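Coordinate inspection notes
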Amino acid sequence: MVTLNNTKPDMVANNILLSEPTHPGEFLREEIEYRGISQTRLADEIGVKVSLLNELINGKRDFTIEYAMMIEAALGIDADFWINQQTSYNKAKVAHDTSFMAKLAHIRQIAAVL
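Thresholds, definitions, all that
Residues numbered from 1 in each chain as written. Predicted model: local features only at pLDDT ≥ 70, side-chain atom pairs only at ≥ 80, totals over all residues. Heavy atoms only, no water. Buried < 20%, exposed > 50% of the residue type's maximum accessible area, 1.4 Å probe, protein only. Helix = DSSP H or I, 4+ residues; strand = E, 2+ residues; numbered from the N terminus. Arc of directions from axis to C-beta. Contact = heavy atoms within 4.5 Å. Expected span 1.5 Å × (residues − 1). Salt bridge = Lys/Arg side-chain N within 4 Å of Asp/Glu carboxyl O. Core = buried A, V, L, I, M, F, W, Y, C linked by side-chain atoms within 4.5 Å.

**What about helix α4 (residues 65-75)?**
Considered for burial, the residues of α4 that qualify are Y67, A68, I71 and L75. Along the long axis of α4, the arc covered by the buried residues comes to 100°, so they all point the same way. Pointing more than 90 degrees away from the buried face of α4 are the exposed residues I65, E66 and A73. Turning to α4, the residues buried within the fold contact α1 (24-35), α2 (39-46), α3 (50-57) and α5 (79-95). Following α4 by one or two positions, G76 adopts a phi angle in the positive range, close to 80°.

Printed below as a string of structure tokens:
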């Protein structure tokens, strides 16, 4: 597919996809390592099992509003940051799903003639 000015969509800055989206848990891992806080200590502070926190950090569990607010209370990092990162991650994962993107392209073609 080429746009009107003969530019391929994957060559437009807004359309560049990361090779692999970054889960917000990676940011949390970096933050607690920087602060010298163990997963056990943070889990105790926010009142969750260490295994649950570990799943968040390792990208096996999504950041819910509740988790984001608990982390905000413990670390002072706005809950919106965690929720926005999770949303961006989810959107990037979907954008990497070629069958879903083909479905969207088909819907756009149909919608263009409506």
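**Some points on α1**
In this model α1 runs 17 Å from its N-terminal to its C-terminal C-alpha over 12 residues, within 8% of the 16 Å that 1.5 Å per residue would give. Looking only at α1, the buried set comprises P24, G25, L28 and I32. Buried positions in α1, seen along its axis, are confined to an arc of 100° and lie on one side of it. Exposed side of α1, more than 90 degrees from the buried face: E33 and Y34 are the residues found there. Where the residues of α1 are buried, they touch α2, α3, α4 and α5. Downstream of α1 by a residue or two, G36 has a phi angle that is positive, lying close to 75°.

**Overview of the pattern of salt bridges**
Summed over all chains, the structure comprises 5 salt bridges. Its salt-bridge partner being E31, residue R35 comes within 2.5 Å of it at the nearest N-O pair. Taken as a pair, R35 and E31 lie in helix α1 at a separation of 4 residues, close to a single helical turn. On the basis of relative accessible area, R35 is assigned to the partly exposed category, the value being 37%.

**Describing the nonpolar core**
L28, I32, L42, L53, I71, L75 and W82 are the most contacted members of the largest nonpolar core, which has 19 residues in total. Within the residue set of this core, elements represented by two or more residues are α1, α2, α3, α4 and α5. Setting aside its immediate chain neighbours within four residues, W82 contacts P24, F27, L28, F63, A68, I71 and I77.

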